[in-house]
Amino acid sequence: EPTTALDVTIQAQILDLLRDLQNKFGTSILMMAGLLALVYRTKLGIAMRATSQNQQVAGLMGININTVIALTFVIGAGLGAMAGVMVGSYYGIAHYQMGFVLGLKAFSAAVLGGIGNIPGAMLGGFVIGLVEDLTTFHCGADWKQVAVFVVLMTVLIVRPRGILGERVAEKV
């Protein structure tokens, strides 16, 4: 059967899309690995974790709390900017409201995985993406937000600290 120019064009567009998604996935993996390395392997990461646990004690240990907090926000803004660039390049448009739903999904992923747990937030993001895709495939796109909400509520009822959340000792 002869191949038409339209078939070749569609195949080329599909290959371009797959290559683009592969690049974005690789960039995401590198960003997550870099964040984990920063938080768990550097002095700044130690200072960030100490500050998050107890600001007063961290300050007494010689950590400049204001600098750590400011750098944490700078890192978060940088990661958010990279995510915005990737999403904007995927959709081919950038709009000031396009990150609102993604922000809600990111917050849901952090809650689902366990607040304060970076690998948990990553796992929560993958779970949310998988639930959305499976729901869209089986029930339609209108139900994907409902399915994510049901999964989130179920996990919070069964395991209130999230999937990888840890029991935290109560401060007395």
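Just so it is clear, the model here is predicted, and its values are computed rather than measured.

A. Examining the pattern of salt bridges more closely. Applying the stated criterion across every chain, the model contains three salt bridges. The salt bridge involving aspartate 16 is made with arginine 19; its shortest N-O contact spans 2.9 Å. On the criterion of helical spacing, the pair formed by aspartate 16 and arginine 19 is a turn pair, its members being three residues apart in helix H1 (residues 5-41). Exposure remark for aspartate 16: the relative accessible area of 44% places this residue in the partly exposed category.

B. Quick peek at a nonpolar patch on the surface. A grouping of Leu6, Ile10, Ile14, Leu15, Leu17, Leu18, Leu21, Tyr90, Tyr91 and Ile93 is seen on the molecular surface, where their side chains present a nonpolar patch of about 1000 Å² in accessible area. Every element with two or more residues in the nonpolar patch is listed here: H1 and helix H4 (65-91). Tallying contributions element by element places H1 first for the nonpolar patch, with seven residues. The residue leucine 15 is located in helix H1 in this model.

C. Summary view of the packing of aromatic side chains. Counting across every chain of the model gives one aromatic pair. When the ring of tyrosine 90 is compared with that of tyrosine 91, the centres are 5.0 Å apart and the planes differ by 80°; the resulting orientation is edge-to-face. Accessibility expressed as a relative area gives 39% for tyrosine 90, which makes it partly exposed.

How each quantity is defined
Residues numbered from 1 in each chain as written. Predicted model: local features only at pLDDT ≥ 70, side-chain atom pairs only at ≥ 80, totals over all residues. Heavy atoms only, no water. Salt bridge = Lys/Arg side-chain N within 4 Å of Asp/Glu carboxyl O. Helix = DSSP H or I, 4+ residues; strand = E, 2+ residues; numbered from the N terminus. Buried < 20%, exposed > 50% of the residue type's maximum accessible area, 1.4 Å probe, protein only. Patch = residues over 30% accessible without salt bridge, like charges linked within 9 Å, V, L, I, M, F, W, Y side chains within 5 Å. Areas by Shrake-Rupley, 256 points an atom, 1.4 Å probe, with all protein chains shown as cover. Phe/Tyr/Trp six-rings, centres within 6.5 Å; stacked < 30°, edge-to-face > 60°.

So yeah, pure geometry; function would need other evidence.
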